[in-house]
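# Coordinate analysis (summary)
Chain residues, written in single-letter form:
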Amino acid sequence: MTSTMPTAARTVPAAGGSAPPHSHPPRRDIQGLRAVAVALVVLSHAGVSRVGGGYVGVDVFFVISGFLITSLLLRELATTGRVSLRSFYARRALRLLPASSLVIAVTLGGAWLFLSKARLAEYAGDALAGALYVVNFRLAAAGTDYLAQNSPPSPLQHVWSLAVEEQFYLVWPVLLLLTWRLARGRHALVAVPLAALCVVSFAAGVLVTHTSAPWAYFSSLTRAWELGAGALLALAATRLRRLPAALAAPLSWLGLACVTLAALSYDDETPFPGHHALLPVAGTVLVLAGGCAPTAYGAGRLLERRPLVWLGGLSYGWYLWHWPLLVIAPAALGRADGTAEVPPALALSAVALALAWLTLRLVENPVRFHHAFRGHPRRALALGAALTASASALSLTATAVPPTIEVGGPAPALARALSDTPDPRTRLAELLASSPGALPSNLATPLPRVKSSRSALYRDGCHVDRAATRPRSCVYGDRTSSRTVVLFGDSHAAQWFPALRRLADARGWRLVPLTKASCKVADVTIVNLHKPYTACDTWRSNALERIRALRPALVLASSSDAGDPARPATDPLQQWTTGFAHTYRALRGSGARVAALLDTPWPKGDPIDCAARNSLQLHACAHHLPEATRDATRGRAVRAAASATGATVIDPTPWVCAPRTGVCPVVVADTAVHRDDSHLSEAYAEALAPLLAAPLDRLVGAP
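Overview of the structure. For every chain, the first residue of the written sequence is number 1, and numbering continues from 1 onward in sequence order. Local features in this predicted model are restricted to residues of pLDDT 70 or higher, and side-chain atom pairs are both shown and tallied only at a pLDDT of 80 or more, whereas totals for entire chains, interfaces and linings draw on every residue. By convention in this description, side-chain values take in all heavy atoms of the structure and omit both hydrogens and water.

### Quick notes on helix α7 (residues 187–209)
- Secondary structure elements follow DSSP: runs of H or I of four or more residues count as helices, runs of E of two or more count as strands, with numbering from the N terminus. Each residue after the first adds 1.5 Å to the expected span of a helix. If you check α7, its first and last C-alpha atoms are 32 Å apart, about what 23 residues at 1.5 Å a residue would give, namely 33 Å.
- Bend at a given residue is defined as the angle between two axes, one fitted to the seven residues that end at that position and one fitted to the seven that begin there. The principal kink in α7, of about 25°, is found at P193.
- Only protein chains enter the calculation, and the probe is 1.4 Å; a residue is then buried if its accessible area is under 20% of its type maximum, exposed if over 50%, and partly exposed in between. Where α7 is concerned, the buried positions are V190, A191, L194, C198, S201, G205 and T209.
- Contact between two residues is taken to exist if any of their heavy atoms lie within 4.5 Å; hydrogens are not considered. Packed against the buried residues of α7 are α6 (160–183), α8 (213–218) and α9 (220–235).

### Structural notes on the pairing of strand β8 (residues 593–597)
- Burial of β8 is extensive: four of the five residues sit out of reach of the surface.
- The sheet contact formed by strand β7 (residues 554–558) and β8 spans four bridges and is parallel. Looking at the pairing, A557 lines up with A596 of β8.
- Looking down the strands as they point away from you, a crossover is right-handed if its path from the first strand over the helix to the second goes clockwise. Note that the unit made of β7, helix α25 (residues 572–588) and β8 has a crossover that is right-handed.
- Across three bridges, the pairing between β8 and strand β10 (residues 648–650) is parallel. Across the sheet, A595 pairs through a bridge with T648, a residue of β10. Paired strands, in this sense, are two strands between which DSSP finds at least two bridges.

### Points about a nonpolar patch on the surface
- Surface patches are defined over residues having more than 30% relative accessible area and no salt bridge, joining like charges when they lie within 9 Å and nonpolar side chains (Val, Leu, Ile, Met, Phe, Trp, Tyr) when within 5 Å. Surface accessibility in these figures is a Shrake-Rupley result with a 1.4 Å probe; residues are shielded only by whichever protein chains are displayed. Counted as salt bridges are all cases of a side-chain nitrogen of Lys or Arg within 4 Å of a carboxyl oxygen of Asp or Glu. Taken together, the side chains of L132, V134, F137 and W215 present a nonpolar region at the surface, about 320 Å² in accessible area.
- Of note, W215 is situated in helix α8.
- Residue W215 is classed as partly exposed on the basis of its relative accessible area of 31%.

### Thoughts on the packing of aromatic side chains
- Only rings of Phe, Tyr and Trp enter the pairing, Trp through its six-membered ring, and a pair is recorded when the two centres are within 6.5 Å. The plane angle decides the type: under 30 degrees is stacked, over 60 is edge-to-face, the rest tilted. Evaluation of the coordinates by the stated rule reveals 18 aromatic pairs.
- Here Y55 and F272 contribute two aromatic rings whose centre-to-centre distance is 5.0 Å and whose plane-to-plane angle is 70°, an arrangement assigned as edge-to-face. Here Y55 is found in the loop between α1 (28–45) and α2 (57–80), whereas its partner F272 is found in the loop between α11 (245–265) and α12 (278–291), with 217 residues between them in sequence.
- Judged by its relative accessible area of 0%, F272 falls in the buried class.
- Geometrically, the ring pair formed by F168 and Y169 is edge-to-face, given 5.2 Å between the ring centres and 80° between the ring planes.
- Accessibility expressed as a relative area gives 12% for F168, which makes it buried.
- Here the aromatic cluster, defined as three or more aromatic residues joined through ring pairs, consists of Y55, F62, W160, Y217, F218, Y266 and F272.

### Side note on the pattern of salt bridges
- Using the criterion set out here, one finds 19 salt bridges in the structure.
- With a closest N to O distance of 3.3 Å, E122 and R119 form a salt bridge.
- Of the residues examined, R119 reaches a relative accessible area of 1% and is grouped as buried.

And the structure:
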C-alpha cells in the first residue's frame, strides 16, 4: 500500500520546542538538525524529485520537540519539584502564536484575493481550525471523504503539525507531573507509562496506515509516539552524557544517515507513517543521543556550522511562510493550474526565507522577549487568547463576506425543462448547444456549494470506502415493492443515485445501491493507492452474492474509466471485455436485466474552480470530444461484453456533451454539470432522470 497523502500535506511542524528566554540556549547541533529537516521539506514541496521523502522532516521535528520540551519540564521538576502549567503554556503562546496568527491572516487575505472564489469558505474553515489547533482532524476527515480527495491543497493545511504538537502538550506536562510524583523522581519509572503509550501509538499508526491513511498521517494519536520518543530520550539524557566519544560520534553520524536515507528513498508511494516512520525517528534519536556527549568527530561537526545554525533559527518562520507562497503565488501570477515549476518554486521558497527573517526580527523576538510578558504568564496567556480570537474572528468574517463571483442573467431551469417536455433528449441537446457564456444568476446550486452537496447515498454511509469488503444494507424508494432495482459499481455509478432515487420514488421501485470507492464493475484487479486493489475484488464477489439473493428486476452497472490493471495484458481490450463479461453473466444469473451505463465524459481540470475564475467566460472551461472521453478502449470493452451477454448499453455522452459540436460545457441552463474533475453534480444527475427513465422503464417493465 502507498500513502494517500499528497506531497502538499507532508509538511514539517514548527520548531515549537525552542527554549523559553530564561532557559539554557538550544544545542547548536539541534539547530543544525532543524535546518536540515526544514530544508528537506521545502525542497520536496518545491518539486525537487530527488528529495521525494522530504516530508520526513515532520518526524524529525516531532522528536526534537519532544526532547527539548521534556528536558525543560524535567529541569523545572528537578529544581522546584513541580511544573507551572500556566508558565509552560504562556511560553508556548509567546513562541508560536504571534507568527502563526500573522501568517494565517496574510494567507487568508491572499486566498481571498487570488485563489478560487468557490473555495473561500473551505480555506476560511482551515484557517479557523488552524487557529484553534484542530486542523489535523479536519484534514483527516477531508482525506477520507472520497469526493474531496482530489481537491487542490489548502494554503493553510501545513499547520496540521502544529495542531499535533499542541494536542500532545495538552496531555504530556500533566502526565509527566503525575508520574514524577508517583515514581518519586526516578527517571526509569517515569519512562514506563510513556514507553507503553509510545508502543500503543506506534502500533495504531501501523494499523491505521493500512486502513485509513489520512487518519494515520494527521492524527495526534498515531503521531504521539514520535514526540514520545524524544521525551524518552530526554529522560535518559543524564546517562547519555557519559557515552564514550568512540560511541557517541558514530551514533550521531548513523542517525543523520538514517534521516538522509529516508528523505532520498521515500516518496509519495511510501505507506507513511506506518513502520516506515521508524527510520527518520530512530535517526533523529541517534543524532540527539550522540550529541548529548559532544565530541569533535560527531555529526555536530557538520550540524554546528554557522549557516545551518542560522537557518535552524529561522526554521519556524520558513515553515510557516513557504507553503502559502507556493500555493498562492502561482495563482496570483496567472497560472491556471495553480502550480509552479521547480525554479520558480525555489525562488518563492527563498522569498519565504526572507519573510521568515523579517518575521523573526519584527514580530517573534520583539513579542517574545518584551518586558511586558517575560515573567508575566497571565499577560502572555491573555495575548495568546487575543491572537487566537482575532484569527478566529477573521476566519469567520471571511466566511460571512465571501468574494463576489460575477454572474450574467438568469437561465432556464434545467430540471423543469426536461420534466415538462415530451422529448427530453431533444430539449437537452438544445440546452447543451446553447449553454450560457456567463454564470447564470439563478444557478440551481450556488457555485461554492456544488462540491459539498452530498446525496443520501453518501450521507447515510451507503457508499463504502476502499477498505470495506462487504456492501452496506441500504434500501430506498418503496421498500415493499416487488420490483427491485440495484445500482452497482463505483463512485461513477453512485453519481447516478439522485436520478435513480427520483425514478424509484415516482415508479414505486425498491432501490438498493451497492457501490464502493474506485471499485470497477469488471472482474479485473486494478491498482489503487499503488497496490493491487484486492478489497475491491472481495467486495465485488460479496455484492454479487447479495444481488443473487435479491433477485432484482434490473441491475444498473457503471464504473469510471480510470484505473489500470494490476497485471496488464498485451491486449487491454480483450482483458477488459473478459472482465466485464464475467460480471454481466453473474448479474444475469440473478434473473435480472442488466443495463451497462458507460462512463460520462470528463471535464477539463476542475470545472468549479474554472467557472469561478471565468464566470463571465464559461466557454473557456468547456471540454471537447473525443478528448473528454477518459478511455475509449474501456467503452468498447463494455459494448463488446454487453453484446456477448445480452446486457443493454446506455451511453450518457449525449447528455453531457452537445451531439453536433462535441462541446462539453461546465454549465447547462441553470445547473453546473460536474462537481469535480470527473463526477456529475448532484443537481445535474437528478435533472437527467427523465432521460434515464426511458431505457430503464423498458427494462424494468419487461417480462
